[in-house]
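# Structure assessment
Chain by chain, the residues:
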Amino acid sequence: MLATTLPKGSRARSIAVCTAMLLVSILITQLFLPGTGGGGRGTPAAVLFNGFVTGCSTALIALGLVVVYRSLRIINFAQAAIGAAGGRLFFEFMQFTPVPFPIALILGVAVGALTGAAFDLIFGRRFFNQPRIVLTVVTIAALPFLAFYVTSLIPSLPIFPRTSERTLQELEGFVPARPFLPFSGWKYRIGGFPNDYGFPEVFSIELLVFAVIGVVCFLRFTRAGVAIRALAENSERASLLGIPVGSLSTMVWALSGALSTLAVISIGARTVPAAGTSALGTGSGGVILVLLPPITAAVIARFESIPIAVFSSILLATVFNAFLFSYQEHGGLVSLAYFLLLGGMLIFQRRKGGRSEEGTGVSWAAVREQRGIPKELARVGTVFRTRWAFIGVTLIFLLIWPLIVPPRFQFLGATILVQAIIGVSLVILTGWAGQISLGQLGFSAIGAVVGGALTSKAGWPFWIAVPIATVFAGAFATLIGIPALRLKGLFLAVSTLAFAITIEAILFDEKYFDWLLPVSIDRPTLFFINFEQDRPMYYLCLVALVLSIVVALNLRRSRFGRLLIAMRENEANVQSFGVSAVRLKLTAFAVSGAMAGFSGAVYVHQQRGLAKQTFNGQESIDVFVFTVLGGIGSIGGAMLGSLYDNLLTYFLPANDFLAAILAALQQGGGTLLVLYIVPAGLIGAIVSIRDAWLRIIAQRRQIVVPSLFADYDPDALARRLIPLADPQANSGLAALGPGVAFRLSSGIHGGGASGGNLAIAGQAEQERLAISAAVESIGDVDTPLPTDSVDLDLVAVGREEDR
């Protein structure tokens, strides 16, 4: 249940946790930190107050995270962005219209609530019966779309001044908000610190107080709130009891949007509107500011206690603000502290093992590996030739690409090939092992830094430096994978995201790693081949990608790969056979991290240098999202996701008409659309088309392929089958002896009989027997038909439109 209905023991725990955090915060801010540096210790009261107000904004986001998770069992990564449109509307009203402050606030919150409700109606209902991790991924994909594209539509409304009449600062939301808020002339100071405070600070505190009181009263004293608490315990049981689960889900999302809008307004009111509405900008700085602190606070509260979530948000913001005041040049250590605190809480806190908790999707349960070409059709001439023709055309295109394009496209092609390796590494870790990683670029960054340092600073050859960097990244990934021994899918995603943000903030800071960071990197040479030119470097990157794919495919066919799939589906079942799940998980992290590190080591040499922005937290999220978009359960899906991303980024024309469309697609709109239509990703759509073609081949060749009809309803399929005629006695199969098999010949497609010709009258009986066996086998595709005795079409005769 939510904290409002916790038993006395849990309430006592909440009080104890809050008291302990308060004492630790006092010790850190007043005794350990140097404060002003004037000989005494202790942080000034004004700095503490500033951190307290910042924590109020963070607490509003953490409150929304707790409410959504406890009700719907998902971590809403879009919590900080879902209210961006409502917040921008509020600031537009206040800056450009005479709308009173209370009316603007109500309208802004209402738009935020409507955005949340619309998100549920469009996506929540679509994925309601799917594993919770699916909807969590949708919130990740929706984060940039809501924060940028939807928010950018607000200034275009006809009730506001035309965009052409505004300055760039007004259009982007960088005009300070204090002058057009109420009581703009009221200022005050706290202590002797020369900082002016005013209405926005008091307003932020009031927003949090009223939000907490409102949420608690709603959940405790209203029938809808009681029903939401029941939904939090067990949604299936609530549905059986007649509780309108769908309506309650929409209500929760509306509440989430309202709380997000209040947070956006609270942040923007103290600085500029863009600080709240566009705080999730490019790079991970915005993510640290808006997303990481409230998630850490929610983890401390176990995603269940509202008081602990609010209290920890305020204390964390206060302590870290005091730290930044004392050590301004060490801001990167704040992200490291968040990562250590987050990882420690996730590993060492005792998690509940209730059924509702376990039902959230302990692994990447949404992944369904796409089936390959059925073995019954693999050697059919048409299928065989088409498959190898496709592979051949693809290889020929990749081989001749640098021969037909200028050098800048050769360089771009090499970059795309290396980046695709990271998608392959995600398939191993997430698609097969079921361990969600939002920090894959962190492993790639480690490989890039180590590989570049070995060649540029230590003078080692490329052919030695890259394998060493690969092994080092794999070993580091094994350490990061230790939390996977205790954490479940959703919480591991939080931990790996914090890891990616920490790597960017710490590893690329010259204050700490100037001795390691390479400045200029030379491309390798091998015998008489000089890879300094873009064309040979492209072929080297192509070999690296092919090598990664071959390694991944061989892993999938091995015992290790089969065990990964089995562990993803049912970890307890695998352990019951004496297989160590600990070893499997750590090995999966090591292999995946090593492959990502390999990609980074090759990439840094291809680029001739190291760029911090390439490995930021937002880019790491994007890699995961686009791999899911392509189909994270297969290598082909990872390639499709990478292709989609790069087509949007580099190759599509960007004229005036397409600019807005491309912006929407790049900011997550295309991802949301694809996932809505095809939850299995782009590879799922392609496999569906391929299977339809294979069914036609099977029908024309009269080959029984039960796996192609595994998703069909047996009763519906039986109704579609129309026999040619009634069976005749002493003919067809009935006239054959035991162990005798015949294969039909076709005048159209060729192929001779293997032992003779069957009578026309006996064909109907063969078809009827094949149909009966195939329909019965649909429910259990693991037991294939004995095609050595009957090799006929499942739908030998059907309606003309089905053909």
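Residues numbered from 1 in each chain as written. Predicted model: local features only at pLDDT ≥ 70, side-chain atom pairs only at ≥ 80, totals over all residues. Heavy atoms only, no water.

## Overview of the overall build of the chain
Along the chain, the regular secondary structure elements total 33 helices and two strands. Here the contacts in the chain between residues at least 6 apart in sequence split such that 76% fall between residues at least 24 apart. Accessible area of the chain: about 35300 Å², with a carbon and sulfur share of 64%. (Helix = DSSP H or I, 4+ residues; strand = E, 2+ residues; numbered from the N terminus. Contact = heavy atoms within 4.5 Å. Areas by Shrake-Rupley, 256 points an atom, 1.4 Å probe, with all protein chains shown as cover.)

## Comments concerning the pattern of salt bridges
Applying the stated rule across the entire model yields nine salt bridges. One salt bridge connects Glu-92 with Arg-166, and the closest N-O pair in it is separated by 2.7 Å. Highlighted residues: Glu-92 in helix α3 (residues 84–96) and Arg-166 in the loop between α5 (132–152) and α6 (168–172), separated in sequence by 74 residues. Arg-166 gets classed as buried once you look at its relative accessible area, which sits at 9%. Asp-196 is paired through a salt bridge with Arg-189; the nearest N and O atoms lie 2.8 Å apart. When its relative accessible area of 51% is taken as the criterion, Arg-189 is described as exposed. (Salt bridge = Lys/Arg side-chain N within 4 Å of Asp/Glu carboxyl O. Buried < 20%, exposed > 50% of the residue type's maximum accessible area, 1.4 Å probe, protein only.)

## Some thoughts on the nonpolar core
Among the nonpolar cores identified, the biggest contains 184 residues, and Phe-77, Phe-90 and Phe-624 are the most heavily contacted of them. Counting residues per element, this core draws most heavily on helix α19 (residues 407–432), at 15 residues. Among the nonpolar cores identified, the runner-up in size contains 10 residues, and Val-380, Val-383, Leu-694 and Ala-698 belong to it. (Core = buried A, V, L, I, M, F, W, Y, C linked by side-chain atoms within 4.5 Å.)

## Quick word on the packing of aromatic side chains
Scanning the model with the defined rule gives 28 aromatic pairs in all. Centre to centre, the rings of Phe-93 and Phe-160 are 5.3 Å apart; their planes meet at 70 degrees, and the pair counts as edge-to-face. Of this pair, Phe-93 sits in helix α3 while Phe-160 sits in the loop between α5 and α6; the two residues are 67 residues apart in sequence, bridging distant segments of the chain. With respect to burial, Phe-93 and Phe-160 carry one shared label: buried. Measuring from ring centre to ring centre gives 5.8 Å for Phe-508 and Phe-615, while their planes differ by 15 degrees; the resulting arrangement is stacked. Here Phe-615 lies in the loop between α27 (581–606) and α28 (617–630) and Phe-508 lies in the loop between α22 (489–507) and α23 (510–513), a separation of 107 residues in the sequence. Exposure class is identical for Phe-508 and Phe-615. Each is buried. Aromatic ring contacts, followed pair by pair, group Phe-90, Phe-91, Phe-101, Phe-183, Phe-199 and Phe-203 into a single cluster. The ring of Phe-96 carries the charged tip of Arg-166 above its face, separated from the ring centre by 4.3 Å. (Phe/Tyr/Trp six-rings, centres within 6.5 Å; stacked < 30°, edge-to-face > 60°. Lys NZ or Arg CZ within 6 Å of the ring centre and 35° of its normal.)

## Overview of helix α7 (residues 199–221)
Residues separated by three or four positions in an α-helix point in the same direction, a consequence of the helix having 3.6 residues per turn. The end-to-end C-alpha distance of α7, which contains 23 residues, comes to 32 Å, matching closely the 33 Å that a straight helix rising 1.5 Å per residue would cover. The set of residues buried in α7 consists of Phe-199, Pro-200, Glu-201, Phe-203, Ser-204, Leu-207, Leu-208, Ala-211, Val-215 and Leu-219. (Expected span 1.5 Å × (residues − 1).)

## Here's the deal with a nonpolar patch on the surface
On the surface, Phe-384, Trp-388, Phe-390, Ile-391, Leu-395, Ile-396, Leu-399, Ile-400, Leu-403 and Ile-404 cluster together to form a nonpolar patch covering roughly 980 Å² of accessible area. Overall, the relative accessible area of 61% leaves Phe-390 in the exposed class. (Patch = residues over 30% accessible without salt bridge, like charges linked within 9 Å, V, L, I, M, F, W, Y side chains within 5 Å.)

## Quick notes on the side chain of Ser-57
Looking at the secondary structure, you find Ser-57 in helix α2 (residues 45–72). Residue classification places Ser-57 among the buried positions, given a relative accessible area of 2%. Look past the residues within four positions of Ser-57 in its chain and what remains in contact with it is Ala-263, Ser-266, Ile-267 and Arg-270.

## As for helix α29 (residues 635–651)
Between its first and last C-alpha atoms α29 spans 23 Å; for 17 residues at 1.5 Å apiece the expected length is 24 Å, and the two agree. For α29, the set of buried residues is Ile-635, Gly-637, Ala-638, Leu-640, Gly-641, Ser-642, Tyr-644, Asn-646 and Leu-648.

## With respect to the environment of Ala-177
Summarising the element assignment, Ala-177 is placed in the loop between α6 and α7. Between the alpha carbons of Ala-177 and Pro-273 there is a distance of 6.5 Å; along the sequence they are 96 residues apart. In contact with Ala-177, other than residues within four places in its own chain, are Phe-91, Gly-268, Ala-269, Thr-271, Val-272 and Pro-273.

## Quick word on the packing of helix α20 (residues 440–456) against helix α21 (residues 462–480)
Taken N-terminus to C-terminus, the directions of α20 and α21 make an angle of 145 degrees; their axes are 8 Å apart at the nearest point. Seen from above, α20 lies across α21 with right-handed handedness. Contacts between α20 and α21 involve Phe-443, Ile-446, Gly-447, Val-450, Gly-451, Leu-454 and Thr-455 on the former and, on the latter, Phe-462, Ala-465, Ile-468, Ala-469, Phe-472, Ala-473, Phe-476, Ala-477 and Ile-480. The residue makeup of the contact of α20 with α21, split by class, is 13 nonpolar, three polar and no charged. (Axes fitted to C-alpha atoms, helices over the stretch in contact; angles between N-to-C directions. Left-handed = near helix turned anticlockwise from the far one by under 90°. Nonpolar A, V, L, I, M, F, W, Y, C, P; charged D, E, K, R; others polar.)

## Here we look at the confidence of the model for the chain
Scored by pLDDT, the chain has a mean of 79; 77% of the residues are at 70 or more. Low confidence marks residues 1–7, where pLDDT is under 50. Its contacts with residues over four positions away, or in another chain, come to 21 contacts. Below a pLDDT of 50 lies the segment residues 279–285, which in the model reaches 20 contacts outside its immediate sequence neighbourhood of four places, other chains included. (pLDDT = per-residue confidence, 0-100.)

## Focus: unusual backbone geometry
Of note in the backbone geometry, Arg-73 takes a positive phi value of approximately 60 degrees without being a glycine. Along the chain, Arg-73 turns up in the loop between α2 and α3. Located in the positive-phi region is Arg-608, a residue other than glycine, with phi close to 65 degrees. Assignment of secondary structure puts Arg-608 in the loop between α27 and α28.

## Remarks on the environment of Gly-246
Of note, Gly-246 is situated in helix α10 (residues 245–270). By relative accessible area, which is 25% here, Gly-246 ends up partly exposed. It is 9.0 Å that separates the C-alpha atoms of Gly-246 and Asp-120, two residues lying 126 residues apart in sequence. Sequence-distant contacts of Gly-246, defined by excluding residues within four places in its chain, comprise Asp-120 and Arg-125.

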